Amino acid sequence: MADQTHVLFVEDDDVIREATQLALERDGFAVTAMPDGLSGLEAFRANRPDIALLDVMVPGLDGVSLCRRIRDESTVPVIMLSARADAIDVVLGLEAGADDYVTKPFDGAVLVARIRAVLRRFGHAGGGDRADESGAAASGGMLTFGDLEIDTEGMEVRRAGQPVALTPTEMRLLLEFSAAPGTVLSRDKLLERVWDYGWGGDTRVVDVHVQRLRQKIGQDRIETVRGFGYKLKA
């Protein structure tokens, strides 16, 4: 298991849980599968997986609450699974700290692709190349926007001198904005660059992450340009 990517999978439907576990294991993942949220939390703490797949509607401790508990302890990537595409399910999961979501029923190949996409961006959470390409990075990799300081090499952010804790997805999102301050970035472009979507995805993922980022770096730091996207105030 040490050489494999370890997936925590929490799903109460026996058929879905067993079939998905087999599919993931065939693709080379090591999987710990749990039927409810409480056992999922215990497994997370015991095994410290590389990624967590959490069904929204599981007994004991629902998937959204489990995501919050995990996020309180770790920045490990989380993908929510939901049998519905309702906005409330999606938004609640993302606001709890999830990095992405997949709607059931899902194709096994699609799920694996989404897992690999999340792992790729977490493996390169710095995203420093883009800042270098734009010429935005200052000497030593330090960017300054008012009271906001971004260390693109040390992957640290400070606001008014105080450290700001960002998840890897939030960090990548901030780096995209800081690489082109004052430039409007569309939701589709952010999906492509931050979430590694080569196709149109759900832009609610972007909107919720922008909201979470604003709460941490300042509500007025990222401006909404209606009909186009978002930009970082230079």
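None of the values given here were measured: they were computed from a predicted structure.

**Some thoughts on the packing of helix α7 (residues 168–179) against helix α8 (residues 187–194)**
Interaxial distance between α7 and α8 falls to 10 Å at its minimum, and their mutual angle equals 125°. As the angle between them shows, α7 and α8 are arranged oblique. Relative to α8, α7 is oriented so that their crossing is right-handed. Counting all contacts with α7, which are made through Thr-169, Arg-172, Leu-173, Glu-176 and Phe-177, the residues of α8 involved are Leu-190, Arg-193 and Val-194.

**Side note on the side chain of His-209**
Among the structural elements, His-209 can be located in helix α9 (residues 204–217). Relative accessible area serves as the criterion here: at 0%, His-209 is assigned to the buried category. A polar side-chain atom of His-209 sits 2.9 Å from the main-chain carbonyl oxygen of Val-205. Ignoring any residue separated from it by four or fewer positions in sequence, one finds His-209 in contact with Leu-94, Ala-98, Asp-99, Thr-169, Glu-170, Leu-173 and Trp-195.

**A few points about α9**
Compared with the 20 Å implied by 1.5 Å per residue over 14 residues, the 20 Å span of α9 between its first and last C-alpha is a close match. Positive phi appears at Gly-218, one or two residues downstream of α9, with a value of about 120°.

**Looking at the confidence of the model for the chain**
As a note on interpretation, predicted positions should not be read in detail where pLDDT is low. With 88% of its residues at a pLDDT of 70 or more, the chain has an overall mean of 86. Within the model, pLDDT remains below 50 along residues 124–139, and this stretch shows 24 contacts once partners closer than five positions in the same chain are excluded.

**Re the pattern of salt bridges**
The full count for this structure, using the stated rule, is 13 salt bridges. Note that Arg-114 is salt-bridged to Asp-100, the shortest N-O span being 3.3 Å. Here Arg-114, found in helix α5 (residues 108–123), pairs with Asp-100, found in strand β5 (residues 100–103); they are 14 residues apart in sequence, far enough to count as distant. Like Arg-114, the residue Asp-100 is buried in the burial classification.

**Looking at the packing of α7 against α9**
At a closest axis distance of 10 Å, the pairing of α7 and α9 adopts a crossing angle of 85°. Between α7 and α9, the angle is such that the two are roughly perpendicular. Between α7 and α9, the residues in contact are Thr-169, Glu-170, Leu-173, Leu-174 and Phe-177 and His-209, Val-210, Arg-212, Leu-213, Lys-216 and Ile-217, respectively.

**What about the pairing of strand β11 (residues 229–232)?**
Strand direction decides the pairing type here: strand β10 (residues 222–225) and β11, joined by four bridges, are antiparallel. Paired with Thr-224 across the strands is Tyr-230, a residue of β11. Linkage of β10 to β11, two consecutive antiparallel strands, is achieved through a turn of three residues, within which Gly-227 is found at a positive phi near 85°.

**Overview of the sheet that holds strand β7 (residues 148–151)**
Spatially, the four strands line up as an open sheet ordered β6-β7-β8-β9, and their pairing is antiparallel. Of all strands in the sheet, those with a lone pairing partner are β6 (142–145) and β9 (162–164), marking the two edges. Each strand of the sheet is rotated relative to its neighbour by a mean of 25°, with strand direction disregarded. Helix-sheet contacts for α7 involve β6, β7 and β8 (156–159), and the interaxial angle to β7 is about 105°.

Calculation rules
Residues numbered from 1 in each chain as written. Predicted model: local features only at pLDDT ≥ 70, side-chain atom pairs only at ≥ 80, totals over all residues. Heavy atoms only, no water. Axes fitted to C-alpha atoms, helices over the stretch in contact; angles between N-to-C directions. Helix = DSSP H or I, 4+ residues; strand = E, 2+ residues; numbered from the N terminus. Parallel < 35°, antiparallel > 145°, perpendicular 65-115°, else oblique. Left-handed = near helix turned anticlockwise from the far one by under 90°. Contact = heavy atoms within 4.5 Å. Buried < 20%, exposed > 50% of the residue type's maximum accessible area, 1.4 Å probe, protein only. Polar contact = N/O pair within 3.5 Å; in protein donor to acceptor, adjacent residues only side chain to side chain. Expected span 1.5 Å × (residues − 1). pLDDT = per-residue confidence, 0-100. Salt bridge = Lys/Arg side-chain N within 4 Å of Asp/Glu carboxyl O. Pairing = 2+ DSSP bridges.

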